[in-house]
Amino acid sequence: MRVPPLSNLLKVAVLGLWLSVSVHGQQSALASLSGDLVALLLGGSSTPVRAIVRGDVAVIQAVAQRDQLPVLKVLDGLVVVEALPAELGALRFVNGVLGISRDVLVAPFMTTA
């Protein structure tokens, strides 16, 4: 019997988990993940990304310190960290984390002369 590769099993597990907490009316303590982070998780990306973690700032900073995740910026109710997509996926299980989205750096479209 052919056993599917581990990466396919991980993709299915992440997708199932994401769908289970996305259903309207579900009561769950899991934080939401943005679509682009879910895509990185499903794609098996191993490149660190900047992410905005929304929730209890003290809890997020403590977890970042414990997991040795660089904290890039602290705002009111938000902490910007740099981590692997899998590490960010694990943050959604932390009580006090409400949501995680990717922090995409943008370049200005206009300049002044």
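Everything that follows concerns the structure shown earlier in this document.
As the structure is a computational prediction, the values presented were derived from the model and not from experiment.

Draft legend 1. Spotlight on the overall build of the chain. Along the chain, the regular secondary structure elements total four helices and five strands. The linear arrangement of helices and strands in the chain, starting from the amino end, is α-β-α-β-α-β-β-α-β. When the 113 residues of the chain are sorted by exposure, 27% land in the buried category. Looking at the chain alone, contacts between residues at least 24 apart form 67% of all its contacts between residues at least 6 apart. Total accessible area computed for the chain in this model is approximately 7600 Å², and 61% of it derives from carbon and sulfur atoms.

Draft legend 2. How the structure looks around helix α3 (residues 57-66). Those residues of α3 that fall on the buried side of the exposure criterion are V57, I60, V63 and A64. Taken down its axis, α3 places every buried residue within 130° of arc, on the same side. In α3, those exposed residues whose orientation departs by more than 90 degrees from the buried face are A58, Q65 and R66. Lining the buried residues of α3 we find β2 (49-55), β3 (71-75), β4 (78-83), α4 (85-91) and β5 (97-102). Capping the start of α3, D56 holds a side-chain oxygen 3.1 Å from the backbone nitrogen of A58, two or three residues further along. A positive phi of about 60° marks Q68, the residue just after α3.

Draft legend 3. Region of the structure containing the nonpolar core. In this structure, L37, V53, L88, L91, V97 and I100 are the most contacted members of the largest nonpolar core, which totals 22 residues. Residue assignment for this core shows that the elements contributing at least two residues are α2 (35-43), β2, α3, β4, α4 and β5. Contact partners of V53, with chain neighbours within four places excluded, come to I60, G77, L78, V79, V81, L91, V97, G99 and I100.

Definitions and limits used
Residues numbered from 1 in each chain as written. Predicted model: local features only at pLDDT ≥ 70, side-chain atom pairs only at ≥ 80, totals over all residues. Heavy atoms only, no water. Helix = DSSP H or I, 4+ residues; strand = E, 2+ residues; numbered from the N terminus. Buried < 20%, exposed > 50% of the residue type's maximum accessible area, 1.4 Å probe, protein only. Contact = heavy atoms within 4.5 Å. Areas by Shrake-Rupley, 256 points an atom, 1.4 Å probe, with all protein chains shown as cover. Arc of directions from axis to C-beta. Polar contact = N/O pair within 3.5 Å; in protein donor to acceptor, adjacent residues only side chain to side chain. Core = buried A, V, L, I, M, F, W, Y, C linked by side-chain atoms within 4.5 Å.

Read these as layout, nothing more, since geometry by itself doesn't imply function.
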